[in-house]
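For reference, the chains in residue letters:
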Amino acid sequence: MPCVAAEVADIICSFPDYLPVVVLSAMGKTTNLLLECGDLALKLSTEQVPGMPPLRAVRDLHLHACKDLGIEADMRTEVERLLNELQQLLIGICIMQGVAAKQYDAWELGMVTTDDFTNADVIYDEALPRIRAALTAQQEQRELPIVTGFLGRGSATGAITTLGRGGSDLTATVLGAALQLPEVQVWKDVDGVLTSDPRLVPHTRPVTELTFEEATELAYFGAQVLHPQAMQPAIRSGTMGVRVKNSYNRTAAGTFITAQRDMSKVLVTSIVLKPNVTLVDIISTRMMGQYGFLATVFEAFRVHKLSVDVVATSE
């Protein structure tokens with residue numbers, strides 16, 4: 001029996017006078033096999049996934065097609081990568097089995113933002129009531145909402161926007177504020193906010209408590225555990241706390257962030273490093289006793305959309 005993939009390739013190449021546009025469907029019974037994989041993953045353990053008959057059938061079908069077509073090793077590696085991704089996805093289904101869930105894009109729930117694509121701000125007066133209404137209605141279905149982080153929809157253009165690196169933290173706290181929750185948990189790969197960067201400083205330890213002001217300051221100046229804006233929804237709510245936990249050490253207490261804490265015995269909370277900072281030294285005899293000099297300086301930064309971290313002035 002001739003190779004189906006080779007037959008398709010031969011058909012495509014049989015029109016030398018044209019440049020065909022080729023639309024491909026799944027090979028053979030791949031669609032049915034994938035559906036069978038998903039159903040089986042709900043019933044098996046994670047160790048049994050690699051040996052699932054439908055998964056092996058999908059793998060064999062595609063690898064045999066690569067061999068029959070004489071596909072080079074680097075392209076075959078790409079097929080292997082996609083097959084491994086499928087296997088990992090099925091393992092994820094095994095882990096989540098037994099929990100009814102539904103996926104949502106954040107903008108579908110009402111995550112309204114400004115139209116700054118790479119660093120959009122949440123428009124809280126619009127976003128919070130919309131998200132609250134959407135998730136409250138969803139709760140009647142008793143399904144676990146799985147929401148995309150990092151994304152929103154611009155209020156003016158309707159285009160999909162992004163909240164900046166680490167914006168999923170902000171998404172989580174926005175949803176928590178919308179639902180008026182007492183606590184939002186942000187799960188990371190460290191035991192909370194640490195006393196310094198463990199890659200630079202040995203023997204760091206987690207800080208058990210922080211204020212919103214401390215957490216925001218640390219995030220802005222280099223602590224990579226949280227998004228700098230992630231505290232804003234909690235501050236607006238007035239009653240919600242944020243807890244940072246470790247996905248790989250679930251028994252660790254983590255760091256709990258609230259509006260206030262006892263600072264009477266606190267000397268230093270944490271030391272962070274912010275690289276690639278430019279120091280600008282401005283000297284002018286005309287600034288002595290004059291008003292508006294700094295306004296002119298900051299206007300230049302505003303025009304070029306540059307944020308100023310620290311300012312020191314003296315005459």
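Note: the structure precedes this text.
Residues numbered from 1 in each chain as written. Predicted model: local features only at pLDDT ≥ 70, side-chain atom pairs only at ≥ 80, totals over all residues. Heavy atoms only, no water.

**Section: the sheet that holds strand β2 (residues 112–113)**
- Here three strands make up an open sheet; going across it, the order is β2-β4-β5 and the pairing mixed. Two strands in the sheet have a free side with no partner beyond their single neighbour: β2 and β5 (160–162).
- Here β2 runs beside strand β4 (residues 151–154); their pairing, made up of two bridges, is parallel. By the bridge assignment, T113 is partnered in β4 with G154. (Pairing = 2+ DSSP bridges. Helix = DSSP H or I, 4+ residues; strand = E, 2+ residues; numbered from the N terminus.)

**Brief notes about unusual backbone geometry**
- With a phi angle near 55°, N276 is a residue other than glycine that sits in the positive phi range.
- Relative to the assigned elements, N276 resides in the loop between β9 (255–258) and α10 (293–303).
- Since its relative accessible area comes to 79%, N276 is described here as exposed.
- Phi at K305 takes a positive value of approximately 55°, unusual for a residue other than glycine.
- Structurally, the position occupied by K305 is in the segment after α10.
- Judged by its relative accessible area of 78%, K305 is exposed. (Buried < 20%, exposed > 50% of the residue type's maximum accessible area, 1.4 Å probe, protein only.)

**Overview of the side chain of H227**
- Position of H227 among the secondary structure elements: in the loop between α8 (212–220) and α9 (232–237).
- Engagement of the side chain of H227 in a polar contact is seen with the backbone oxygen of L163, the distance being 3.1 Å.
- Those residues within four positions of H227 in sequence are excluded, and the remaining contacts are L163, G164, R165, G166, G167, D169, L170 and A219. (Polar contact = N/O pair within 3.5 Å; in protein donor to acceptor, adjacent residues only side chain to side chain. Contact = heavy atoms within 4.5 Å.)

**A word on the packing of helix α3 (residues 53–69) against helix α4 (residues 73–96)**
- Viewed as axis vectors pointing N to C, α3 and α4 meet at an angle of 175°, and their least axial separation amounts to 10 Å. With respect to α4, the element α3 is oriented roughly antiparallel. Along the contact surface, α3 presents L55, V58, R59, H62, L63, C66 and K67, while α4 presents R76, V79, E80, L83, N84, L86, Q87 and L90.
- In the contact of α3 with α4, the residues fall into eight nonpolar, three polar and four charged. (Axes fitted to C-alpha atoms, helices over the stretch in contact; angles between N-to-C directions. Parallel < 35°, antiparallel > 145°, perpendicular 65-115°, else oblique. Nonpolar A, V, L, I, M, F, W, Y, C, P; charged D, E, K, R; others polar.)

**Focus on the nonpolar core**
- Core analysis: the largest hydrophobic core is formed by 36 residues, its most contacted members being V122, I131, V174, M231 and I257.
- When residues no more than four places from it in sequence are discounted, the contact partners of I131 are L109, G110, M111, V174, L175 and A178.
- In this structure, L44, L55, L83 and I91 belong to the second largest nonpolar core, which totals 13 residues. (Core = buried A, V, L, I, M, F, W, Y, C linked by side-chain atoms within 4.5 Å.)

**Comments concerning a nonpolar patch on the surface**
- Nonpolar side chains collect at one region of the surface, where V4, V8, I12, V22 and L24 lie side by side and expose about 430 Å² of accessible area between them.
- Relative to the elements of secondary structure, I12 occurs in helix α1 (residues 4–12).
- On the basis of relative accessibility, which here comes to 31%, the residue I12 falls in the partly exposed class. (Patch = residues over 30% accessible without salt bridge, like charges linked within 9 Å, V, L, I, M, F, W, Y side chains within 5 Å. Areas by Shrake-Rupley, 256 points an atom, 1.4 Å probe, with all protein chains shown as cover. Salt bridge = Lys/Arg side-chain N within 4 Å of Asp/Glu carboxyl O.)

**A closer look at the environment of L170**
- Considering the arrangement of structural elements, one finds L170 in helix α7 (residues 167–178).
- Considering only alpha carbons, one finds L170 and Y248, 78 residues apart in sequence, at a separation of 22 Å.
- With residues near it in sequence (within four places) discarded, L170 still touches V122, Y124, L163, H227, Q229, A230 and P233.

**A word on the packing of helix α2 (residues 30–41) against α3**
- Running from N to C, α2 and α3 cross one another at 150°; their axes reach a closest spacing of 8 Å. The element α2 and its partner α3 pack so that their crossing is left-handed. In contact with T30, L33, E36, C37 and L40 of α2, α3 contributes P54, L55, A57, V58, L61 and H62.
- Within the contact of α2 with α3, the residues separate by chemical class into eight nonpolar, two polar and one charged. (Left-handed = near helix turned anticlockwise from the far one by under 90°.)

**As for the sheet that holds strand β8 (residues 241–246)**
- Judged by pairing direction, the sheet is mixed, and its four strands sit side by side in the order β6-β8-β9-β7 without closing on themselves. Each of the sheet's edge strands pairs with one partner strand only, and the pair in question is β6 (183–188) and β7 (209–211). Neighbour to neighbour, the strand axes of the sheet diverge by 20° on average, direction disregarded.
- Looking at chain direction, β8 and β9 are connected through three bridges and run antiparallel.

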